[in-house]
Amino acid sequence: MQYQKPVLIQEQRLKLSPQMLQSIQLMALPITELKLRIAEEIERNPALEVLEDRSQVSYEEIDHSTRSEEYDFFENSSDPGYSKSYDSEASDAKQKFLEGAIARSESLHDHLLWQLRLQPLDEEDFAVGEKLILNLDDNGFHIEPIEELFPDSECQRVRRMIALIHEFEPTGICVADFRESLLLQISLDPEAPPYADDIVANHLPALEKNRIQEIARDLSASVQEIEEAVAFIRRLTPFPGRLYSNETPHYVVPDVSVRLEEGEFKIYLNDIEIPVLGISAFYAGLQNGKKHHTADHEKSAQKFAGDHVREAEWFINSIRQRNRSLMKIAKAIIEFQRDFFLKGPKYLVPLTLKDIAEEVSVHETTVSRIANAKYMQTEWGIYPIKYFFTNSISGAGSSGSRFSKEGVKEMIREILENDTGKKRLSDQKISDLLKEKGVSIARRTVAKYRNELNIDSSFDR
């Protein structure tokens, strides 16, 4: 007969406290996300305050010598009622301010709808045209097939509106793919050379491999005629909608920078972007009981202040720990990759997380969190910190070959950029040249690295 009874089991578990979890999360944040996290914590915790924000410049810090004493800081106001004088002539500065107040670029849909509104159309035609335009993606191609957007009864109207939109700027939109876009651009250009449409319609694979003579033979044309057609095709835009892209550019802010000064490498933490935090004097005094309260509220007030002060102190210490760990790991990377910082990317040597972890006496996961999504500014450009961790071309990590994968890729790039011969270097020839430099890799490995560099083969080049 089965029965149940309570049993006590003793076991050990590793449980992260909320403070430890917060410290781990802060360690993985890049500088841009850290600023947002600090702003959120300041808003949440009243005991945390900003002592100094070096990323902002106050009015008093502006160099007064660079401006006139008569300068009016409100002259560029958008308030139409403000004016230094009551004459009808507006100042140039205010004119520029008003003209540059709105800087949002025009999207592809905005541009097409503006052209559609200029056409003498009835409501039904305009509705069809608007639906066609809103169905275009950022490339100018149909998102949903035309057959699924409109019933058969409207086919004639739809074809008429598609033909109208084909005449809009940019040319080559309202089609299914880039091939139809190129064909449309060719058909609308009166100066298009012969054979251009045939090449796009039937010979694009051969054109990608630059097989001009093969195309000329198939079309019964001269090589010169095909070359003229190819030169015209290369001036076309296969994705015309991208000319009106509103995609916001992404900027990289380095967390640390390395400079060579007087023969020594100096590491600078980008702490200008991070505000200096401190504990509110009011809450610190409230925690210590220096503020006088009634007996009913004194205990709860002290507990409230104490909890928030401790959270603020832990938050500040977590940021300091993050910065200390980042500086230690950056220093260790410089020691291992000294040749890179002195001579350039092709001198990058194999390096693993384990190597850095042993050097700074931390766990590999800590190194991984610090290297995650952070950047280092060097004399050779801005690189992700993870870029400096690269495998060896043979063997395991830094215990294998002294040549790293990224370093060999840079050597291949340099060989191809310096090649001035009429005959393009094959992968086997590149492998032979690398062996002369002491790098022994197979032809297929050269082909793999070349593809990762987005470099075509010798035949396509």
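Residues numbered from 1 in each chain as written. Predicted model: local features only at pLDDT ≥ 70, side-chain atom pairs only at ≥ 80, totals over all residues. Heavy atoms only, no water.

**Q** What exactly am I supposed to notice about the side chain of Asn135 here?
**A** Position of Asn135 among the secondary structure elements: in the loop between helix H5 (123–134) and helix H6 (146–149). Relative accessible area serves as the criterion here: at 7%, Asn135 is assigned to the buried category. Those residues in contact with Asn135 that sit more than four places away from it in its chain are Phe141, His142, Ile143, Glu144 and Leu149. (Helix = DSSP H or I, 4+ residues; strand = E, 2+ residues; numbered from the N terminus. Buried < 20%, exposed > 50% of the residue type's maximum accessible area, 1.4 Å probe, protein only. Contact = heavy atoms within 4.5 Å.)

**Q** What is the right way to read the packing of helix H19 (residues 427–436) against helix H20 (residues 443–452) from this model?
**A** Helix-helix packing is described using two parameters, namely the angle between the two axes and the distance between the axes. Look at H19 against H20: their axes get within 8 Å of each other, and the N-to-C directions meet at 105°. By the criterion of interaxial angle, the relationship of H19 to H20 is roughly perpendicular. On the side of H19, the interface is formed by Asp427, Gln428, Ile430, Ser431 and Leu434, while H20 contributes Arg443, Val446, Ala447 and Arg450. Partitioning the contact of H19 with H20 into residue classes produces four nonpolar, two polar and three charged. (Axes fitted to C-alpha atoms, helices over the stretch in contact; angles between N-to-C directions. Parallel < 35°, antiparallel > 145°, perpendicular 65-115°, else oblique. Nonpolar A, V, L, I, M, F, W, Y, C, P; charged D, E, K, R; others polar.)

**Q** Can you walk me through unusual backbone geometry in this structure?
**A** A negative phi angle is the norm for most residues apart from glycine, just as the trans form is the norm for most peptide bonds. With omega at 0°, the peptide bond leading from Glu169 into Pro170 counts as cis. Relative to the assigned elements, Pro170 resides in the loop between helix H7 (155–166) and helix H8 (178–188). Backbone geometry at Ser220 places phi at a positive 55°, although glycine is not the residue there. Residue position: Ser220 is located in the loop between helix H11 (212–219) and helix H12 (223–234). In this structure Ser220 comes out as exposed when scored by relative accessible area, which is 65%. Backbone geometry places Glu262, a non-glycine residue, at a positive phi of 55°. Note that Glu262 resides in the loop between strand E2 (256–261) and strand E3 (264–269).

**Q** Could you clarify how one ought to interpret helix H18 (residues 405–417) in this entry?
**A** Because each turn of an α-helix spans 3.6 residues, side chains separated by three or four positions in sequence point in the same direction. Counted at 1.5 Å a residue, the expected span for H18 with its 13 residues is 18 Å, and the 18 Å between its end C-alpha atoms agrees. Of the positions making up H18, those classed as buried are Gly407, Val408, Lys409, Met411, Ile412, Ile415 and Leu416. (Expected span 1.5 Å × (residues − 1).)

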